[in-house]
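Each chain is listed here by its residues.
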Amino acid sequence: MNSLGKLAILALAIDLTSCADDGPFYSGMAFNRPDEVAMADYLNSYGVLKSYVDRSRHPALKLGIGLPANDLTEGTGLNSLVITNADEAVTTSGLSHKDIIGNDGTVGAYAVTDLVAAAKDAGTGIFGHALCGHDINNTAYLYSAIAPIPGTEHPGTAMFFDFEAQPLGSAFRLSGNSGTATVVDDPVGKNGHVLHIKDAAYDPYPVFDISLPEGVTLGDCKTLVLDMKAPGSGGLYGQGMRMRVGVGGDYTPYNSPYGFGCQGDAWGKELIRLDFAALNLSAEQKKFSSFELAVGSKTGKADYYIDNIYIDWSVGEPPYYYTAEEKRNTLTKALDAYLAGVMKTAGGYIRSWDVLDEPMSDDGRYMLRSANNDNKADKDTLTNFYWADYLGGNYARMVVASARKYYKDNDGEGELTLFVSESNLEKNGTEKLDRLVRMIAKWEADGVTKVDGIGAKLHLACSLSAEKQKQNEADISALLTKLKDTGRMIRIAELDICLEDEHGQQIEAGAITFEQRLKVADYYNYVVRKYLETIPGPQQYGIALSNVTDNARGLWNGLHMRNASYMGVADALAGKGVTDNSIQ
């Protein structure tokens, strides 16, 4: 019978024993109900987990359990649990870029050396997770490696014409033959003296003689700023602002005053901002410290006012911004240095790795995960780093090639087995898996790159809604069938199952009933059994369990006492959807 079927037998056992005063006691474990006592007693009768793998049917299957590297090296209780129950430890930390690369880019992989030594002493294998991903990097180092080189420039600004020093009626010359430019009182009565440009048709603009402060040249100038007041028919719209340096030559076009934000016949304070970079100055012109400048609005019949003409500049060398190619080269070397370092310290002992972790976008409109499409992207604290944004879509080729090379260089025996691991493959009709399959095919199109397998990260939820749970199981079945059809090695990664109520809300450990734990155990059994039934032997790499001591979702609780889910996995490994075991 399946795990839920055992409930009736277990309930009978509970009824027969509920009047007893004494029961089994497990160190550190307090049982609040007779059914918990009976279940603990029953689970205690099971052997270690890996002993249930039918090696005659699944000779190469590897049962893995995830744990941080320091748990293995320091000999914690979790270390003992993994060594006893699993074929290999799956590192959840200790091997990634952020674990062994310092903020100066140096490789400090001493923890890897200790990890390998501990695994050898314990006689257990290691699955390496992961060589390249978006959230497992020393981002402080990576972003600093491509940050702009600071410059020596410092900004400055100066007012050249506010027209207060010019007497009323003073005239400024125009660059053409029509119109006038005369100093007048502000017609609004707020700004003192201003310059009125009137009847200038199209290209005549007021001309100003500019002398920059000592040490500043035209090439240092960034922006010319001025105030403007113009009616709709006198320069607000027209053909836009124009500016020219020197005598002769073409005027450079800019947006209209209205386009800069000015409103009809009202002062637009500091709204007109003309970029000197648009002038396309010659090297000789950039050396000028004094020059003639013509500026104004191109209109059929000018009738506008300007005031407060000033220039912003920046003196000194600007920051140096790396080109995309320079960033790609720098980061390629950085990633290669990490791969060389981790493979050297692993010494060929770790033969299987996730070469890429979660490369695909969660948004079906895109292929690869990117800072531009990832809802996990934290652009303020820069906690994530998206390699494809800098190295290009075929970055996987470099990672695979370097991993295989450095494995061989460091006495690796046989071929390295490399997986691409991805999450949420079971959702949305396996759409994400379809994209992943196409992406791997693209990477392998060079005839050199080889990805051995796919790791399906299964963080699942068992639903108390019968309809929803039926769909959950259908999704797992469809996923495994499609994974089988890839022809690649298939690995279930990070398997854990929480419990959700009928509304999709997760139920905390303390609120999960005895009967509900059996439902979770049954779902564990279904997933593991479906993997063994669906994936052919040559394609089976194994199953790795995650969060194993989380009392809400794991096979053990925090005191390393077995949960009901242990029964579901053990029976499935033994090929038992229907079991002869019963609770007596």
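Residues numbered from 1 in each chain as written. Predicted model: local features only at pLDDT ≥ 70, side-chain atom pairs only at ≥ 80, totals over all residues. Heavy atoms only, no water.

## A closer look at unusual backbone geometry
The residue after histidine 129, namely alanine 130, is reached through a cis peptide bond having omega -10 degrees. With respect to the helices and strands, alanine 130 occurs in the loop between β3 (125-128) and α7 (139-145). Residue glutamate 358 is not a glycine yet carries a positive backbone phi of 50 degrees. Take glutamate 358: it is sitting in the loop between β14 (352-357) and α11 (387-391). The backbone of glutamate 494 shows a phi angle near 55 degrees, a positive value even though the residue is not glycine. Here glutamate 494 lies in strand β17 (residues 489-500). (Helix = DSSP H or I, 4+ residues; strand = E, 2+ residues; numbered from the N terminus.)

## Focus on the pairing of β14
For β14, a buried count of 6 out of 6 residues is recorded, marking the element as mostly surrounded by other parts of the structure. Note that β3 and β14 share 2 bridges and pair parallel. Note on β14: the bridge partner recorded for phenylalanine 127 is serine 352. In this structure, β14 lies alongside strand β15 (residues 417-423), joined through 5 bridges in parallel fashion. Paired with serine 352 across the two strands is threonine 417, which belongs to β15. (Buried < 20%, exposed > 50% of the residue type's maximum accessible area, 1.4 Å probe, protein only. Pairing = 2+ DSSP bridges.)

## Let's talk about the nonpolar core
Counting 112 residues, the largest nonpolar core has Leu49, Trp353, Tyr395 and Leu495 as its most contacted members. The element that contributes the greatest number of residues to this core is helix α15 (residues 514-534), accounting for 11 residues. Contacts of leucine 49, omitting those with residues within four sequence positions, involve Leu63, Asn85, Leu545, Leu555, Trp556, Tyr566, Val569, Ala570 and Leu573. (Core = buried A, V, L, I, M, F, W, Y, C linked by side-chain atoms within 4.5 Å. Contact = heavy atoms within 4.5 Å.)

## Let's talk about helix α14 (residues 466-485)
Between its first and last C-alpha, α14 extends 29 Å over 20 residues, near the 28 Å set by a 1.5 Å rise per residue. Among the residues of α14, those classed as buried are Gln469, Asn472, Ile476, Leu479, Leu480 and Leu483. Projected onto a plane normal to the axis of α14, the buried residues spread over an arc of 95 degrees and lie on a single side. For α14, the exposed residues set more than 90 degrees away from the buried face come down to Ala466, Glu467, Lys470 and Asp485. Among the structural elements, α13 (431-443), β16 (453-463), β17 and α15 are those in contact with the buried residues of α14. With its phi angle positive at about 75 degrees, glycine 487 sits one or two positions after the end of α14. (Expected span 1.5 Å × (residues − 1). Arc of directions from axis to C-beta.)

## As for the packing of α15 against helix α16 (residues 564-573)
Direction vectors running N to C along α15 and α16 enclose 25 degrees, while the axes themselves pass 7 Å from each other. Classified by the interaxial angle, the pair formed by α15 and α16 is roughly parallel. In this structure, the crossing between α15 and α16 has a hand that is right-handed. Contacts from Arg517, Leu518, Val520, Ala521, Tyr524, Asn525, Val528, Arg529 and Leu532 of α15 reach α16 at Ala564, Ser565, Met567, Gly568, Val569, Asp571, Ala572 and Leu573. (Axes fitted to C-alpha atoms, helices over the stretch in contact; angles between N-to-C directions. Parallel < 35°, antiparallel > 145°, perpendicular 65-115°, else oblique. Left-handed = near helix turned anticlockwise from the far one by under 90°.)

## Description of the packing of aromatic side chains
For the structure on display, the rule yields 20 aromatic pairs. Considering the side-chain rings of phenylalanine 161 and phenylalanine 172, the 5.8 Å spacing of their centres and the 85 degrees angle between planes classify their relative orientation as edge-to-face. Here phenylalanine 172 lies in the loop between β4 (154-161) and β5 (180-185) and phenylalanine 161 lies in strand β4, a separation of 11 residues in the sequence. Given the relative accessible area of 12%, phenylalanine 161 is considered buried. Taking the centre distance of 6.2 Å and the plane angle of 85 degrees together, the rings of tyrosine 395 and tryptophan 443 count as edge-to-face. With tyrosine 395 in helix α12 (residues 395-409) and tryptophan 443 in helix α13, the pair connects residues that are 48 residues apart, well separated along the chain. Residue classification places tyrosine 395 among the buried residues on the basis of a relative accessible area of 8%. What makes tryptophan 443 buried here is its relative accessible area of 0%. (Phe/Tyr/Trp six-rings, centres within 6.5 Å; stacked < 30°, edge-to-face > 60°.)

## Some remarks on the environment of leucine 271
Tracing the backbone through its elements, the reader meets leucine 271 in strand β11 (residues 268-275). Owing to a relative accessible area of 31%, leucine 271 belongs among the partly exposed residues under this scheme. Sequence-distant contacts of leucine 271, defined by excluding residues within four places in its chain, comprise Leu226, Phe260, Gly261 and Cys262.

## Section: the state of the cysteines
By definition, a disulfide links two cysteine residues through a covalent bond between their sulfur atoms. As enumerated under the stated definition, the model contains 0 disulfides in all. In this structure cysteine 498 is not part of a disulfide, and its nearest cysteine sulfur, from cysteine 462, lies 8.7 Å away. (Disulfide = S-S within 2.5 Å.)

## Details of the packing of α14 against α15
Axes are the key here: two packed helices are described by the angle between their axes and the distance separating the axes. Taken N-terminus to C-terminus, the directions of α14 and α15 make an angle of 25 degrees; their axes are 10 Å apart at the nearest point. The angle between the axes of α14 and α15 places the two elements in the roughly parallel class. The handedness of the crossing between α14 and α15 is right-handed. Mapping the contact onto sequence places Gln469, Asn472, Glu473, Ile476, Ser477, Leu480, Thr481 and Lys484 in α14 and Tyr523, Tyr526, Val527, Lys530, Tyr531 and Thr534 in α15. Across the contact of α14 with α15, the residue classes tally to 6 nonpolar, 5 polar and 3 charged. (Nonpolar A, V, L, I, M, F, W, Y, C, P; charged D, E, K, R; others polar.)

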